[in-house]
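Residue-level listing of the chains:
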Amino acid sequence: MASVDLRDNLLGISWVDSGWVPILNPGNVLDYFSERSNPFYDRTCNNEVVKMQRLTLEHLNQMVGVEYILLHAQEPILYIIRKQQRQSPTQVIPLSDYYIIAGVVYQAPDLGSVIGSRVLSAVHGIQSAFDEAMSYCRYHPSKGYWWHFKDQEERAKAW
């Protein structure tokens, strides 16, 4: 399993170049993604070598190293780019995915981030419920524990 570097976790940011948005299509989306100002793009990837040598993207299959591919396109609004480590012409290891929605690039969260976020939300809800329940709990040495609800007092006053 590949180790995850915290610098690779760019979940909190997005990137867009508004000049490209009206003309995005599957043929040029990798060029858009490789713009210099895009923080998600690794300049040491094989795509840069192919671009500098003016080769076609089919040459990526013969290289070893990090590369970007267009994984899915749903024109005109959604494109998914995958960053992967190519081991051989037939073996790749996915590193991260990026999605482009209406020209805005985001890093897709990994499964650990999604599960962590969901667990944190659930724990927060449970903790809030326990805090609420504890606010109604009362104790006196002679009576012991009992529940004190404000709406019970209001009902008793109404009678």
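How each quantity is defined
- Residues numbered from 1 in each chain as written.
- Predicted model: local features only at pLDDT ≥ 70, side-chain atom pairs only at ≥ 80, totals over all residues.
- Heavy atoms only, no water.
- Pairing = 2+ DSSP bridges.
- Helix = DSSP H or I, 4+ residues; strand = E, 2+ residues; numbered from the N terminus.
- Phe/Tyr/Trp six-rings, centres within 6.5 Å; stacked < 30°, edge-to-face > 60°.
- Buried < 20%, exposed > 50% of the residue type's maximum accessible area, 1.4 Å probe, protein only.
- Lys NZ or Arg CZ within 6 Å of the ring centre and 35° of its normal.
- Contact = heavy atoms within 4.5 Å.
- 1 Å grid on protein atoms, 1.4 Å probe; cavity = no way out; pocket = protein on both sides within 12 Å on 5 of 7 lines; lining within 4 Å.
- Points joined across faces, edges and corners; volume = space filled by probe spheres on them.

(A) Inspection of the sheet that holds strand S3 (residues 78–86) at higher detail. Reading across the sheet, the five strands line up as S1-S5-S4-S3-S2 and stay open at both edges, with antiparallel pairing between neighbours. The outermost strands of the open sheet, each flanked by one partner alone, are strand S1 (14–15) and strand S2 (65–74).

(B) Inspection of the packing of aromatic side chains at higher detail. Applying the stated criterion across every chain yields a total of 12 aromatic pairs. Ring geometry for Phe40 versus Tyr98: centroids 5.3 Å apart, planes at 50°, classification tilted. Of this pair, Phe40 sits in the loop between helix H1 (29–33) and helix H2 (46–52) while Tyr98 is found in strand S4 (residues 92–101), placing the two residues 58 residues apart along the sequence. Judged by relative accessible area, which is 3%, Phe40 ranks as buried. Grouped by ring-pair contacts, the aromatic residues Phe33, Phe40, Tyr41, Tyr68 and Tyr98 constitute a single cluster. Here the guanidinium or amino end of Lys143 rests over the ring plane of Trp146, the centre of that ring lying 4.9 Å away.

(C) How the structure looks around the environment of Phe33. As for its placement among the helices and strands, Phe33 is situated in helix H1. C-alpha of Phe33 to C-alpha of Ile81: the two residues are 48 residues apart in sequence and 8.4 Å apart in space. With sequence-adjacent residues up to four places away left out, Phe33 is seen in contact with Asn38, Phe40, Tyr41, Tyr68, Ile81, Tyr98, Ile100 and Val105.

(D) Representation of the layout of surface pockets within the structure. Roughly 220 Å³ of volume is contained in the second largest pocket. Looking at the second largest pocket, the residues that line it are Pro26, Gly27, Leu30, Asp31, Ser34, Tyr41, Asn47, Val50, Lys51, Leu55, Leu57 and Leu70. Breaking the lining of the second largest pocket down by element, the ones donating at least two residues are H1 and H2. A per-element tally of the lining of the second largest pocket places H2 first, with three residues.

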